Amino acid sequence: MPIVLLGFMGVGKTTVSQHIQRPFYDMDKIIEEKIGMPIADFFAREGEAAFRKIESETLEELLEMETDCVISTGGGVVISEKNQDLLRQNQKYNVLLTASFEVLYHRIKQDTLSQRPIFLNHSKEEFYGIYQNRMKLYEGLSDLIIHTENRSPEEIARIIECM
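Quick summary incoming for the structure in this document. (Residues numbered from 1 in each chain as written. Predicted model: local features only at pLDDT ≥ 70, side-chain atom pairs only at ≥ 80, totals over all residues. Heavy atoms only, no water.)

### Observations regarding the state of the cysteines
Working step 1: Taken as a whole and assessed by the stated rule, the structure comprises zero disulfides.
Working step 2: Among the cysteines around cysteine 69, which has no disulfide bond, cysteine 162 carries the closest sulfur, lying 18 Å off.
Working step 3: Exposure remark for cysteine 162: the relative accessible area of 69% places this residue in the exposed category. (Disulfide = S-S within 2.5 Å. Buried < 20%, exposed > 50% of the residue type's maximum accessible area, 1.4 Å probe, protein only.)

In structure tokens form, the structure reads like this:
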């Protein structure tokens with residue numbers, strides 16, 4: 001079964017995935033290849049509902065691969081009930097990476113190369129509400145929770161590889 005990395009944007013899912021000794025699939029990159037543009041542009045043109053539909057299709061395709069791979073999800077993957085159901089079917093292999101809101105907010109704010117529409121379109125207080133709501137969903141779907149602050153990507157990868 002694939003190991004699925006869950007967590008809020010900026011927590012390091014993609015970075016950690018690159019240090020795990022398994023084939024690695026970054027859902028955001030796969031989706032950008034499918035849609036032919038950056039996710040932020042697709043969000044602006046087509047809206048969140050259209051994006052979430054493609055995200056669900058991609059997650060389902062990746063989970064059906066029956067391989068020992070790692071899937072790095074986007075931060076909002078848990079919003080969709082369909083995705084929640086898919087993740088429940090992958091139980092025992094869902095890993096939540098966490099960090100404090102302030103650390104994540106700072107990372108996202110500093111990341112000018114990857115502009116996130118949900119970050120750009122909300123105040124810090126609204127963004128914190130999104131963070132809190134998603135954390136509840138992540139926690140309910142995860143089998144292993146790893147706090148990433150003060151840990152290197154390599155250390156986190158070693159923890160995951162022991163699953």
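Additional details are given in the paragraphs that follow.
### Some points on unusual backbone geometry
Working step 1: Located in the positive-phi region is lysine 92, a residue other than glycine, with phi close to 85 degrees.
Working step 2: By secondary structure assignment, the location of lysine 92 is in the loop between helix H5 (81-88) and strand E4 (94-98).
Working step 3: The residue asparagine 150 is not glycine, and still its phi comes out positive at about 65 degrees.
Working step 4: Its location among the elements puts asparagine 150 in the loop between strand E5 (144-147) and helix H9 (153-161). (Helix = DSSP H or I, 4+ residues; strand = E, 2+ residues; numbered from the N terminus.)

### Description of the environment of glutamate 81
Working step 1: Residue position: glutamate 81 is located in helix H5.
Working step 2: On the accessibility criterion, glutamate 81 (65% relative accessible area) is exposed.
Working step 3: Separated by 25 residues in sequence, glutamate 81 and serine 56 have C-alpha atoms that sit 9.6 Å apart.

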